[in-house]
Amino acid sequence: MQLFAFGINHNTAPLDVREQVTFPENTMEDALHDLAGRNQIKEAAIVSTCNRTEVYCSTDKPEEAMNWLADFHHLSANDLEPYLYKLMREHVVKHAFRVASGLDSMVLGEPQILGQLKSAVKSAENAGTLGMLLHKLFQHTFYVAKEVRTSTEIGTNSVSMAAAAARLAERIFGEISEQRVLFIGAGEMIDLCASHFASRSPKNITVANRTIERAQALSKRFNARAITLADLPEQLALHDIVITCTASPLPILGKGMVERAIKTRKHRPIFIVDLAVPRDVETEVSELDDVFLYYVDDLSDIVKEGMDARQSAVAQAEAIIDNNVINFMRWLETRELVPTIRALRDQGERYRRHELERASKLLAKGEDPMKVMESLSQGLMNKFLHIPSSSLNHATTAEREQLVELVNRLYQLHRPQ
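Residues numbered from 1 in each chain as written. Predicted model: local features only at pLDDT ≥ 70, side-chain atom pairs only at ≥ 80, totals over all residues. Heavy atoms only, no water.

## Re the UniProt feature "site: Important for activity" (unreviewed entry) in the protein chain
Threshold: UniProt positions are given in the numbering used here, feature names are shortened, and annotations may be inferred rather than shown by experiment. Starting at the N terminus, helices and strands are each numbered in turn, a helix being any DSSP run of H or I of at least four residues and a strand any DSSP run of E of at least two. Here a residue-residue contact requires only that any non-hydrogen atoms of the pair lie within 4.5 Å. In the analysis that follows, any N or O atom pair within 3.5 Å is treated as a polar contact, provided that within protein one partner can donate a hydrogen and the other can accept it, and provided that, for residues neighboring in sequence, both atoms belong to side chains.
Residues annotated by UniProt as "site: Important for activity" (unreviewed entry) correspond here to H95. Its location among the elements puts H95 in helix α5 (residues 90–100). If sequence neighbours within four positions are ignored, H95 has contacts with R52, E54, Y56, Y85, L87 and D104. Within the structure, H95 has its side chain in polar contact with the side chain of E54 (distance 2.6 Å).

## With respect to the pattern of salt bridges
For clarity, the threshold we go by: By definition here, a salt bridge exists when the distance from a side-chain nitrogen of Lys or Arg to a carboxyl oxygen of Asp or Glu is within 4 Å. Each residue is assigned to one of three classes by its accessible area relative to the maximum for its type, calculated with a 1.4 Å probe on protein chains only: buried under 20%, partly exposed between the two thresholds, exposed over 50%.
This model, assessed by the stated rule, comprises 19 salt bridges. K203 is the partner of E178 in a salt bridge, and the nearest nitrogen-oxygen pair spans 3.8 Å. Of this pair, E178 sits in the loop between α8 (161–173) and β5 (180–184) while K203 sits in the loop between α9 (188–198) and β6 (204–209), and the two are 25 residues apart along the sequence. With a relative accessible area of 48%, E178 lands in the partly exposed category. Given the relative accessible area of 43%, K203 is considered partly exposed. The salt bridge involving R268 is made with D240; its shortest N-O contact spans 3.6 Å. With a gap of 28 residues between them, R268 in the loop between α12 (255–264) and β9 (270–274) and D240 in the loop between α11 (232–235) and β8 (241–244) connect regions that are remote in the sequence. The class for R268 is partly exposed, based on a relative accessible area of 43%. Each of R52, E54, R98, D104 and E318 takes part in a single network of salt bridges with overlapping partners.

## A few points about the packing of α5 against helix α7 (residues 132–151)
Geometry of a packed helix pair, given as the angle between the helix axes and the separation of the axes. Note the threshold: Interaxial angles span 0 to 180 degrees and are taken between N-to-C directions of axes, which are lines fitted to C-alpha atoms, for helices over the stretch in contact. In what follows, roughly perpendicular refers to angles from 65 to 115 degrees, roughly parallel to angles under 35, roughly antiparallel to angles over 145, and oblique to any angle outside these ranges. Crossing handedness is defined as follows: a turn of the near helix away from the far one that is anticlockwise and smaller than a right angle gives a left-handed crossing, while the clockwise case is right-handed. Each residue gets one of three labels, nonpolar for Ala, Val, Leu, Ile, Met, Phe, Trp, Tyr, Cys and Pro, charged for Asp, Glu, Lys and Arg, and polar for the others, Gly among them.
For the pair α5 and α7, the least separation of the axes is 8 Å and the interaxial angle reads 45°. The angle between α5 and α7 places the two elements in the oblique class. Considering only the axes of α5 and α7, their crossing is right-handed. Where α5 approaches α7, its residues V92, V93, A96, F97 and A100 are matched on the opposing element by L137, H140, T141, V144, A145 and R149. Class assignment for the residues of the contact of α5 with α7 results in eight nonpolar, two polar and one charged.

## Structural notes on the nonpolar core
We apply this condition: Buried Ala, Val, Leu, Ile, Met, Phe, Trp, Tyr and Cys residues form a nonpolar core when they are joined through side-chain atoms within 4.5 Å.
Counting 64 residues, the largest nonpolar core has Y56, L137 and F138 as the members making the most contacts within it. A per-element tally of this core places helix α14 (residues 307–364) first, with nine residues. If we ignore the near neighbours within four places in the chain, the residues touching L137 are L3, Y56, V92, V93, A96, F97 and F328. Residues M161, L168, C193 and A208 belong to the second largest nonpolar core, which totals 61 residues.

## Points about the UniProt feature "binding site: NADP(+)" (unreviewed entry) in the protein chain
UniProt's feature table lists "binding site: NADP(+)" (unreviewed entry) at G185, A186, G187, E188, M189 and I190, given in the numbering used throughout. Checked against the element boundaries, G185 lands in the loop between β5 and α9. Once residues lying within four places of it in the same chain are set aside, the contact partners of G185 are I190, V207, A208, N209, L218, C245 and T246. Inspection of the secondary structure puts E188 in helix α9.

## A short note on the sheet that holds β8
Basically, it comes down to this: When DSSP finds two or more bridges between a pair of strands, those strands are recorded as paired.
Spatial ordering of the open sheet is given by β7-β6-β5-β8-β9-β10, a layout of six strands whose pairing is parallel. The open sheet is flanked by β7 (225–228) and β10 (291–295), the only strands paired with a single partner. Adjacent strand axes in the sheet meet at a mean angle of 15°, parallel and antiparallel pairs treated alike. Sheet topology note: the β8/β9 ladder contains four bridges and is parallel. By the bridge assignment, I241 is partnered in β9 with F271. Seen against the sheet, helix α10 (residues 212–221) touches β6 and β7 and runs at an angle of roughly 160° to β7.

## A closer look at the sheet that holds strand β4 (residues 85–88)
Read across the sheet, four strands follow the order β2-β3-β1-β4 without closing on themselves; strand pairing throughout is antiparallel. Because the sheet does not close on itself, it has two edges, and the strands there are β2 (41–48) and β4. On average, each strand axis in the sheet is tilted by 15° relative to the strand beside it, whichever way the strands run. Where β2 lies against strand β3 (residues 52–59), seven bridges are found, and the strand directions are antiparallel. Looking across to β3, one finds that V47 is bridged to E54.

## Some points on the environment of V314
Along the chain, V314 turns up in helix α14. In sequence terms V314 and L108 are 206 residues apart; their C-alpha atoms lie 9.2 Å from each other. Residues contacting V314, with those up to four places away along its chain left out, are L103, L108 and I154.

## A few points about the packing of helix α6 (residues 112–127) against α7
It is the contact of α6 with α7, at a shortest axis distance of 11 Å, that shows an interaxial angle of 165°. In terms of their interaxial angle, α6 and α7 are classed as roughly antiparallel. Handedness of the α6/α7 crossing: left-handed. Between α6 and α7, the residues in contact are I113, L114, L117, K118, V121 and E125 and H135, F138, T141, F142, A145 and R149, respectively. Among the residues forming the contact of α6 with α7, the class breakdown is seven nonpolar, two polar and three charged.

Below, the structure is given as structure tokens:
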């Protein structure tokens, strides 16, 4: 079994491809069971965020795992393949360390990815697909991420997606204090967005969610009004700014609903930021006049602000990561020797038991104990040395020198000068 990872992210695939291979939280456990149920896939964990979908596994058949991703989402493997990156062994380790440390994010140094990785690990643990290898990998990953964030300033001046949405709204409206803001969803991203917008004191805030209880829990913190998604057709027109991020597999805001809202607003502009993957807003909405629609990839220029201040920390972070990759690979190589060491010890145990049984029978017959002990020790020595001696005697000229060096090293022999 080998450590293998593959996936797509914001650097390798556009949004319309990424949203086709996401794993909503309520499907994650079934997906993990399905993947681990494939032949030659022993361990599995899936990371699924708005910017990436990655699969980590232990397998001798990487192509089987990659085909599974396409099959699970009813896609053609050939259509998905151009966007995939594939990593083996130490490249998997380095990638995981870089992702957790925020070096592979759209927002350099952003902290959210670490929490998302921990959620992915928890899902794999709950599904029973996190074996010793992936457990060790991710525990070391979390350790490295903590060291990077503690020892460097990689997160300094980091502009989150939530902050970028608020900044973009200010560029369009000038002052948010005169605007009415609607949040659709009640997850972590909406929570972060609400904090940024609430600090700018908008005229009012509304939270819409599938369940009114979650909407009310969030709205209480920001002195907001809570509604359900069923209320959106009537309520949408009352808001100037809409931020949406749900786990819905289908769009929440369709072109018809937004078009009716614009007419009701008498063509006063409405600003919409869709941070969901898959998208919450139909792409046709962008065709409407008086609508400023931005998807997650559209915010990339804003989130890169302050990048120069963080670039100086990248080299330091990469050095920490490289050192830890070496340490992890040493551990992994040691683990790979375990089957050989176990087989060697098992063979020694068979020799020991055989000679002990023979000696016991001789003693039971009344043989001289000293002679029996001599025979026991001689028998063990002959058995242990037979195979290496035979290998040396039958080695070809090309093999002999290397084999002699190995025997001298294994048995710590001192060759005569």
